[in-house]
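Descriptive structure summary
Residue strings, one per chain:
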Amino acid sequence: MASPSIGRTAALSLQLSRAHQDLRRRLADLRTNLGRPRRPDGDDSGLLTHCLAFCTALTNHHQGEDTGLFAQLLHERPDLAPTIGKLVEDHGFITHILTRVRHLADRAAEAVVQGATGADLEAIGRELDGLAAIMDSHFAYEERAIGAALDAGVRDDGWSEPVLRFRAP
């Protein structure tokens, strides 16, 4: 069980859904503000830092699932192995996209220092658009596929912190 309180256990699927909503919101904010300078002097470096912080939050969330939540679910519910395998596969694909976003953000940051922007920000925008579509599908599937198992109770050996809570970007 996640805690002695059945309310805490029953709320795990809701907490997972809320964590996913937070990640969706952060991504939507990035997509909306990409290319809009956050500072009056036109410096986009703060936005790029925000982009990298989002990538880190999503990566930590998925790593927490892979090494914590999913490992615990497999221990308690081996019947979920095919589902968890699919989710881990999705995480690998999303990681590949995040690697491209980080690379593009690094290039864009260098361009900002040199006084140029544009193409790199457009490329980041395209990657973030694709990421948003994949995340929506992945999160919906994950919530449907493991929500009931979470609500039935899964021991929390510390996996919930990186999976359900994020530091502000």
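Residues numbered from 1 in each chain as written. Predicted model: local features only at pLDDT ≥ 70, side-chain atom pairs only at ≥ 80, totals over all residues. Heavy atoms only, no water.

A count of helices and strands for the protein gives six helices and zero strands. Secondary structure elements in the protein, listed N-terminal to C-terminal, are α-α-α-α-α-α. With 169 residues in all, the protein has 44% of them scored as buried. Counted over contacts in the protein with a minimum sequence separation of 6, partners at least 24 positions apart contribute 79%. For the protein, the computed accessible surface area is about 8,500 Å², with 54% contributed by carbon and sulfur atoms. (Helix = DSSP H or I, 4+ residues; strand = E, 2+ residues; numbered from the N terminus. Buried < 20%, exposed > 50% of the residue type's maximum accessible area, 1.4 Å probe, protein only. Contact = heavy atoms within 4.5 Å. Areas by Shrake-Rupley, 256 points an atom, 1.4 Å probe, with all protein chains shown as cover.)

So, on to the side chain of H61. Here H61 is to be found in helix α3 (residues 45-76). For H61, a relative accessible area of 0% corresponds to the buried category. In terms of polar contacts, H61 uses its side chain to reach the side chain of H20, at 3.2 Å. At 2.7 Å, the side chain of H61 forms a polar contact with the backbone oxygen of V163. In contact with H61, other than residues within four places in its own chain, are L16, H20, L23, F139, E142, P162, V163 and F166. (Polar contact = N/O pair within 3.5 Å; in protein donor to acceptor, adjacent residues only side chain to side chain.)

Summed over all chains, the structure comprises eight salt bridges. Put simply, D129 and R31 hold a salt bridge, and the shortest N to O gap is 2.9 Å. With D129 in helix α5 (residues 119-152) and R31 in helix α2 (residues 12-33), the pair connects residues that are 98 residues apart, well separated along the chain. Overall, D129 belongs to the partly exposed group, its relative accessible area being 40%. Assessed through its relative accessible area of 38%, R31 is described here as partly exposed. In this structure, the salt-bridge partner of R77 is D79, at a minimum N-O distance of 2.8 Å. Residue classification places R77 among the partly exposed positions, given a relative accessible area of 31%. (Salt bridge = Lys/Arg side-chain N within 4 Å of Asp/Glu carboxyl O.)

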